[in-house]
Amino acid sequence: MSVASDMSLLTLITGASLPVQLVMVILLITSLFSWWYIFIKVATIKRAETESEDFENKFWSGGDLNKLYEGITAGRRKPRGMASIFEAGFKEYIRHKQQGKMEVSDVMEGSRRAMRAAYNRELDDLDAHLPFLASVGSVSPYIGLFGTVWGIMNSFRGLSSVAQATLSQVAPGIAEALIATAIGLFAAIPAVIAYNRFASNVDRLSVRYESFMEEFTNILQRKS
Amino acid sequence: MLRPHESTDSWKAGALAIAVHVFLLGAMLVSFNWKAAHPVLSVTEVELWDKLPSTKPVISEPPKPEPKPIVEEKPEIKPEPKPEPKPVVEEKPKPEEPKVDIELEKKKEELKKKEEIKQKALDEQRKKDVLEKLQKEAREDELREKKALEKKQADALKKMQQDMLSEENAAENKQANAASAAANASVIGEYTDRIKSKIRGNVNKTLCGDGNPELRFTIGLLPTGDFSSAPKLIKSSGNAACDAAVERAIAASEPLPLPSDPAIYAKFRNLNLTFRPNE
């Protein structure tokens, strides 16, 4: 056996057996997707936070609610986040008022239901892709470990036909097998960190939305 | 897979994700010394041997049997001359017993005879002296011969020792010319033994069964012990697994131990190796 065996990354990957290579490809794809979702989630959650901040500032500045409503619906874009909750509740409230002869409790109930529906839609948007990140974080180390175990099994099987087992006969096989674990961990660690961070961010946003709903309901009840 | 409101970020996020992977891959390639220089050059292989692969053992043997026959000849030469003079000495006193009469005539005769006897005794004495002289001379000759022989032997021994010394010096100086044909043969034998033992250490003998299979390989060798051509199987053991095991062992034994003497290396350039894994 030539002692100066090539240990470059490329030869380690191309020298691996087919199952190990398959595991590497799967892990690389999941890693790419999880990072893609991570960046998308970072952007969307950040935007949702700034939008709700802006809306709260506008809402509590004491302006006319009708004007605020018109301002939101006039925009070409569909309102999102807290604005969409406000829009749904206020629209329902106006409709009930236009019909007249409705009891206050019924009006409040209707607008509250509309707001809850909008709130659920918003939360669903915020929670999107988090399950994917969670499963990547928990499963990809196992996939990588599978590739490693397979590779080590192969390299030890090759050892059985040699009389004198030296480290240089096992080392390349183990090195290329361990690359699978490395890729698995590389995919899993950021996914777990991102999942925890996003989950807490979404929780805080949902609490913010709920408290806004309660406060807005109070304001509507006072108006009617 | 994507929410409609997320599509605005998708391209940016995708580019960032790829950038992260490229960055990490680059960091891995740079930080890891993937083509780490193996400490090949610092590795020294040590083989333990009972004898030095020098010319000593073969040359020191022949002088021993040579002096022995010469030493054995000496006792044979010694007893030969001794029995020769003895019978001569014993026979002569016999005529000393003639009977003497008391008569005058006889007295006269007696006197005569006495004189004769005296004469005879004198003669005998003379003869004895001569014999003794001859014997002495013979012994001296013998001694001289012996001494000469001993001297010759000592000279021969000395010469041999000197030859040995000079040959040793020659081996030390790595002068191919000084090494005799016998020494060359012994060195070749030593190194073929070393090559075989090195290969034997790498053979998985369980694959060759219990018998005594014999394989023959031709191996092209470079002066460094590396193969100039892959080992070729000439005579199979009849067991394909055994053949493969021995071939693997030969490949694993590279580089093979070779004499540094270029003249002897010539015999190893195309090595015909007969190998018995179970020997």
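Since we're looking at a predicted model, the values are computed, not measured.

## What about the overall build of chain A?
Counting secondary structure elements, chain A contains seven helices and zero strands. Shown N-terminal to C-terminal, the secondary structure of chain A runs as helices and strands in the order α-α-α-α-α-α-α. A total of 224 residues make up chain A; the buried ones form 41% of that total. For chain A, restricting intrachain contacts to residue pairs at least 6 apart in sequence, the fraction spanning at least 24 positions comes to 83%. Surface exposure of chain A reaches about 12100 Å², of which carbon and sulfur atoms provide 61%.

## Observations regarding the overall build of chain B
Looking only at helices and strands, chain B has eight helices and three strands in total. When the helices and strands of chain B are listed from N to C terminus, the series reads α-α-α-α-α-α-β-β-α-α-β. Looking at chain B residue by residue over its 279 residues, the buried ones come to 22%. For chain B, the accessible area works out to roughly 20200 Å², and carbon and sulfur atoms hold 58% of it.

## A few points about the nonpolar core
The biggest cluster of nonpolar side chains holds 46 residues, and the ones touching the most others in it are Phe55, Phe59, Phe86 and Phe216 of chain A. Going through the elements one at a time, α2 (18-59), α3 (65-74), α4 (82-99), α5 (104-127), α6 (130-159) and α7 (167-223) of chain A together with α1 (7-31) of chain B are the ones with two or more residues in this core. Ranked by the residues each element gives to this core, the list is headed by α7 of chain A, at 11 residues. If we ignore the near neighbours within four places in the chain, the residues touching Phe55 of chain A are Leu68, Ile72, Met82, Ala83, Phe86 and Phe212 of chain A.

## Description of the pattern of salt bridges
All told, the structure shown has 11 salt bridges over all chains when counted by the stated rule. Arg208 of chain A is the partner of Glu56 of chain A in a salt bridge, and the nearest nitrogen-oxygen pair spans 3.5 Å. Here Arg208 of chain A lies in helix α7 and Glu56 of chain A lies in helix α2, a separation of 152 residues in the sequence. The partner of Arg144 of chain B in a salt bridge is Asp141 of chain B, and the shortest N-O contact between them spans 3.3 Å.

## Points about the sheet that holds strand β1 (residues 215-221) of chain B
Residue and element names in this part refer to chain B. Sheet architecture is open: three strands sit in the order β2-β1-β3, paired in antiparallel fashion. Each edge of the open sheet carries a strand with a single partner, namely β2 (227-235) and β3 (270-275). Taking the axes of each pair of neighbouring strands and ignoring which way they run, one obtains an average angle of 20° across the sheet. Running at roughly 25° to β1, helix α7 (residues 240-252) makes contact with β1, β2 and β3 of the sheet.

## Brief notes about the interface of chain A and chain B
The interface of chain A with chain B comprises 31 residues on the first partner and 30 residues on the second. Buried area between chain A and chain B, summed over both chains or domains, comes out near 2600 Å², and the portion from carbon and sulfur atoms is 67%. Considering only the surface of chain A that becomes buried against chain B, Leu9, Trp36 and Phe39 of chain A emerge as the three largest contributors, covering 21% of it. Linking Asp9 of chain B and Arg47 of chain A is a salt bridge whose minimum nitrogen-to-oxygen distance equals 2.7 Å. Along the contact surface separating chain A from chain B lie three residue pairs in polar contact (both at pLDDT 80 or more). When residues of the side of chain A that touches chain B are traced back to their parent elements, those giving at least two are α1 (9-14), α2 and α5 of chain A. Here the side of chain A that touches chain B takes 12 residues from α2 of chain A, the largest share from any one element. Broken down by class, the residue content of the side of chain A that touches chain B amounts to 17 nonpolar, eight polar and six charged.

## Focus on the packing of α4 of chain A against α7 of chain A
Residue and element names in this part refer to chain A. Close contact between α4 and α7 brings their axes to 10 Å; oriented N to C, the two are set at 25°. Relative to α7, α4 is oriented roughly parallel. Handedness of the α4/α7 crossing: right-handed. Between α4 and α7, the contacting residues are Met82, Ile85, Phe86, Gly89, Phe90, Tyr93 and Lys97 on the first element and Arg208, Tyr209, Phe212, Met213, Phe216, Leu220 and Lys223 on the second. When its residues are assigned to classes, the contact of α4 with α7 shows 10 nonpolar, one polar and three charged.

## Section: a nonpolar patch on the surface
All names here are of chain A. Together, Tyr142, Leu145, Phe146, Val149, Trp150 and Met153 line one region of the surface with nonpolar side chains, adding up to about 630 Å² of accessible area. The topology assignment puts Tyr142 in helix α6. Given the relative accessible area of 59%, Tyr142 is considered exposed.

## Some points on the pairing of β2 of chain B
Walk down a regular strand and you will see the side chains alternate between the two sheet faces. All names here are of chain B. Summarising the sheet, β1 and β2 pair through five bridges and their orientation is antiparallel. Residue pairing for β2: Phe217 is matched across the bridge by Leu233. Between β1 and β2, which pair antiparallel one after the other, the connecting turn spans five residues, and Gly225 there sits at a positive phi close to 100°.

## Points about the packing of aromatic side chains
Residue and element names in this part refer to chain A. Enumeration over the complete set of coordinates arrives at 20 aromatic pairs over all chains. Seen in terms of ring centroids, Phe55 and Phe59 are 5.9 Å apart; in terms of plane orientation they differ by 25°. Their pairing is stacked. One end of the pair, Phe55, and the other, Phe59, are both in helix α2, four residues apart, so they sit about a helical turn from each other. The same class applies to Phe55 and to Phe59, which are both buried. Look at Phe59 and Phe212: their rings are 5.1 Å apart centre to centre, the planes differ by 75°, and that puts the pair in the edge-to-face class. Of the two residues, Phe59 sits in helix α2 while Phe212 sits in helix α7, which places them 153 residues apart along the sequence. With respect to burial, Phe59 and Phe212 carry one shared label: buried. Aromatic rings pair up to connect Phe55, Phe59, Trp60, Tyr69, Phe86, Phe90, Tyr93, Phe212 and Phe216 into one cluster.

Cut-offs and rules
Residues numbered from 1 in each chain as written. Chains lettered and ligands numbered in written order. Predicted model: local features only at pLDDT ≥ 70, side-chain atom pairs only at ≥ 80, totals over all residues. Heavy atoms only, no water. Helix = DSSP H or I, 4+ residues; strand = E, 2+ residues; numbered from the N terminus. Buried < 20%, exposed > 50% of the residue type's maximum accessible area, 1.4 Å probe, protein only. Contact = heavy atoms within 4.5 Å. Areas by Shrake-Rupley, 256 points an atom, 1.4 Å probe, with all protein chains shown as cover. Core = buried A, V, L, I, M, F, W, Y, C linked by side-chain atoms within 4.5 Å. Salt bridge = Lys/Arg side-chain N within 4 Å of Asp/Glu carboxyl O. Pairing = 2+ DSSP bridges. Axes fitted to C-alpha atoms, helices over the stretch in contact; angles between N-to-C directions. Buried area = accessible area lost by both parts, 1.4 Å probe. Polar contact = N/O pair within 3.5 Å; in protein donor to acceptor, adjacent residues only side chain to side chain. Nonpolar A, V, L, I, M, F, W, Y, C, P; charged D, E, K, R; others polar. Parallel < 35°, antiparallel > 145°, perpendicular 65-115°, else oblique. Left-handed = near helix turned anticlockwise from the far one by under 90°. Patch = residues over 30% accessible without salt bridge, like charges linked within 9 Å, V, L, I, M, F, W, Y side chains within 5 Å. Phe/Tyr/Trp six-rings, centres within 6.5 Å; stacked < 30°, edge-to-face > 60°.

Read these as spatial facts, not as claims about activity.
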